[in-house]
Amino acid sequence: MAWDRNQMAARAALELQDGTYVNLGIGIPTLVPNFIPEGVHVTLQSENGMLGMGPFPIAGTEDPDLINAGKQTITELPDTSYFDSATSFGMIRGGKIAMAILGAMEVAENGDLANWMIPGKLVKGMGGAMDLVAGVGRVVVVMDHTNKHGESKVLKSCTLPLTGTGVVNRIISNLGVLDVVEGGLKIVELADGVTEAELRAATEATIVN
Amino acid sequence: MNKVYGSAAEALDGLLRDDMLIAAGGFGLCGIPELLLAAIRDSGVKDLTFASNNAGVDDFGIGILLQTRQVRKMMSSYVGENAEFMRQYLSGELELEFNPQGTLAERMRAGGCGIPGFYTKTGVGTQVAEGKEHKEFNGETYILERGIFADLSIVKAWKADTTGNAIFRKTARNFNPPAAMCGKVCVMEVEEIVQPGELDPDCIHLPGIYVHRLVQGTHEKRIEQRTVRAA
């Protein structure tokens, strides 16, 4: 047993602090808005130039001028604002965005993150990920703990090209929640039905507790 | 001075040459200068370098200039939606300089503001930082990034008056203002040109000082990822 994609997104939603501005990455993070706890209001930033991102449109009302950073059609809210890309990354680089919830290919015990490139295989680009991890207040990574071969993606050091060094604060995986602390990772929580031994066995990184 | 031209080809007349650096607005296929890109393709000009967040898809956006091999180099943050791009890049026919998205936007903005370089934390400790000057400020490391000074800017706005004062619509604004600012000459395509006085001066997104030539046209505005929810 472990968390599925929706359960990981629901757990990540508990990270959201009321009244903050948050950026959600592509993949599992896009599911997080479905699980925002009652009484918590967050404003979602889409780094292509929008604060106050609304849900996907109802069929027939799609607007080609209104998309999110994943190029999907979206909607606006009463408190939405639009701005250009330089302003958008100005607020990211300037530390105005409290938190980013992002996907990852690999995370290391010192908080290094790799999520943009597999040399020789996948050359798509970093998009806004490098700016986000360098600029936002807190970086939470949502990811599968192991790859399809069962090998750990939570490592002593990353093997893939880095997105940022020492930038990850918390990892939420299908197996549980870990924080990046002095000397390695600390287990904060186990996923439903996962034992500490199973989490440790799936983790290459140093666990300090 | 008349800034309004009758067609995209006329608006680009005398501005295009081989080997030039063109800054283009747009994010994905949203807010791209689709009419000017088609006119650049038809002009046959080649060995172009594009500063543009993305490279379009195979048959739309900058993708149409990749098909005709008119592009030598891309300065972009994300190029994942274009198979022909990937083929040309992996075979060494196309140069690619990856820029973090915010760094690319700021490089354009800086160039347009006469700023030749700036320091940023973005990319420190990654491939992006290789070969760049590192400098410490208040105990943190930053890298030097250069302003982009383009030979030509091509952008798309929603409405402009005949003097080039422009308004963008929703997230189609994206890279258009910084791209417009960083070119020696900026050509803008719009959905509607109006007379001075018809736009509220307090609501202009890009003042006409940045816009040298204007053309009105009909836009396809293709949607890349049509996503909907149940009614």
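Rules of the game
- Residues numbered from 1 in each chain as written.
- Chains lettered and ligands numbered in written order.
- Predicted model: local features only at pLDDT ≥ 70, side-chain atom pairs only at ≥ 80, totals over all residues.
- Heavy atoms only, no water.
- Helix = DSSP H or I, 4+ residues; strand = E, 2+ residues; numbered from the N terminus.
- Rg over C-alpha atoms; globule rule 2.2 N^0.38 Å.
- Buried < 20%, exposed > 50% of the residue type's maximum accessible area, 1.4 Å probe, protein only.
- Contact = heavy atoms within 4.5 Å.
- Areas by Shrake-Rupley, 256 points an atom, 1.4 Å probe, with all protein chains shown as cover.
- Lys, Arg positive; Asp, Glu negative; His and termini not counted.
- Charge placed at Lys NZ, Arg CZ, Asp CG, Glu CD.
- Axes fitted to C-alpha atoms, helices over the stretch in contact; angles between N-to-C directions.
- Parallel < 35°, antiparallel > 145°, perpendicular 65-115°, else oblique.
- Left-handed = near helix turned anticlockwise from the far one by under 90°.
- Nonpolar A, V, L, I, M, F, W, Y, C, P; charged D, E, K, R; others polar.
- Pairing = 2+ DSSP bridges.
- Phe/Tyr/Trp six-rings, centres within 6.5 Å; stacked < 30°, edge-to-face > 60°.
- Lys NZ or Arg CZ within 6 Å of the ring centre and 35° of its normal.
- Buried area = accessible area lost by both parts, 1.4 Å probe.
- Salt bridge = Lys/Arg side-chain N within 4 Å of Asp/Glu carboxyl O.
- Polar contact = N/O pair within 3.5 Å; in protein donor to acceptor, adjacent residues only side chain to side chain.
- UniProt positions renumbered as here; feature names shortened; annotations may be inferred.
- Core = buried A, V, L, I, M, F, W, Y, C linked by side-chain atoms within 4.5 Å.

What about the overall build of chain B?
- Broken down by element type, chain B carries 6 helices and 12 strands.
- In terms of overall size, chain B behaves like a compact globule, its C-alpha atoms giving a radius of gyration of 18 Å where 231 residues would be expected to give roughly 17 Å.
- Referenced to the eigenvectors of the C-alpha coordinate spread, the extents of chain B come out at roughly 50 × 50 × 40 Å.
- Of all 231 residues assigned to chain B, the portion counted as buried reaches 57%.
- The contacts of chain B with a sequence gap of at least 6 include a subset with a gap of at least 24, amounting to 72%.
- Accessible surface for chain B amounts to roughly 9500 Å². Of this, 46% is attributable to carbon and sulfur atoms.
- Where the 25 positive side-chain charges of chain B centre and where its 30 negative ones centre are 2 Å apart.

Here we look at the packing of helix α2 (residues 85-93) of chain A against helix α5 (residues 101-112) of chain B
- Contact geometry of α2(A) with α5(B) gives a least axis separation of 8 Å together with a crossing angle of 120°. Between α2(A) and α5(B), the angle is such that the two are oblique. Considering only the axes of α2(A) and α5(B), their crossing is left-handed. Contacts between α2(A) and α5(B) involve A:Ser85, A:Ala86, A:Phe89 and A:Arg93 from the former and B:Gln101, B:Gly102, B:Thr103, B:Ala105, B:Glu106 and B:Arg109 from the latter.
- Grouping the constituent residues of the contact of α2(A) with α5(B) by class yields 3 nonpolar, 4 polar and 3 charged.

As for the sheet that holds strand β7 (residues 113-114) of chain A
Residues and elements named next belong to chain A.
- Ordered in space as β7-β6-β11, the 3 strands form an open sheet in which the pairing is mixed. Among the strands making up the open sheet, the edge pair consists of β7 and β11 (154-155).
- Looking at chain direction, strand β6 (residues 106-108) and β7 are connected through 2 bridges and run antiparallel. Note that in β7 the partner of Val107 across the bridge is Leu113.

Focus on the packing of aromatic side chains
- Tallying each qualifying case throughout the model produces 3 aromatic pairs over all chains.
- Ring geometry for A:Trp116 and B:Phe98: centres 5.5 Å apart, planes at 90°, overall edge-to-face. Here A:Trp116 is found in the loop between β7 and β8 (117-118), whereas its partner B:Phe98 is found in strand β5 (residues 95-98) on a different chain. With respect to burial, A:Trp116 and B:Phe98 carry one shared label: buried.
- Among the aromatic residues, ring-to-ring pairing joins B:Tyr119, B:Phe137 and B:Tyr142 into one connected group.
- Just above the ring of B:Trp158 sits the side chain of B:Lys159; from NZ or CZ to the centre is 4.7 Å.
- Taking NZ or CZ as reference, B:Arg222 lies 4.4 Å from the ring centre of B:Phe60, over its face.

Points about the interface of chain A and chain B
- Of the residues lining the interface, 45 residues belong to chain A; the matching set on chain B comes to 50 residues.
- Counting the surface lost from both chain A and chain B, the interface buries some 4100 Å², and carbon and sulfur atoms represent 61% of this.
- Applying the counting rule to chain A against chain B returns 5 salt bridges.
- The salt bridge involving B:Lys221 is made with A:Asp65; its shortest N-O contact spans 2.7 Å.

What to know about the side chain of A:Asp179
Residues and elements named next belong to chain A.
- Locating Asp179 in the fold gives a position in strand β13 (residues 176-181).
- The exposure class of Asp179 is buried, given its relative accessible area of 17%.
- In terms of polar contacts, Asp179 uses its side chain to reach the side chain of Arg170, at 2.6 Å.

Some remarks on the UniProt feature "transmembrane region" (unreviewed entry) in chain B
- Taking the UniProt record as the reference, the feature "transmembrane region" (unreviewed entry) is found at residues 20-40 of chain B.
- Counting secondary structure, residues 20-40 of chain B comes out at 33% helix and 19% strand; the distance between its end C-alpha atoms is 12 Å.

Observations concerning the nonpolar core
- The biggest cluster of nonpolar side chains holds 55 residues, and the ones touching the most others in it are A:Ile101 and A:Leu113.
- When residues in this core are grouped by element, the largest group, 5 residues, is from strand β10 (residues 138-143) of chain A.
- The residues touching A:Ile101, leaving out its near neighbours within four places in the chain, are A:Ala12, A:Leu16, A:Asn23, A:Leu24, A:Gly25, A:Pro29, A:Val32, A:Val140 and A:Val142.
- Among the nonpolar cores identified, the runner-up in size contains 40 residues, and A:Met130, B:Val71, B:Leu94 and B:Ile143 belong to it.

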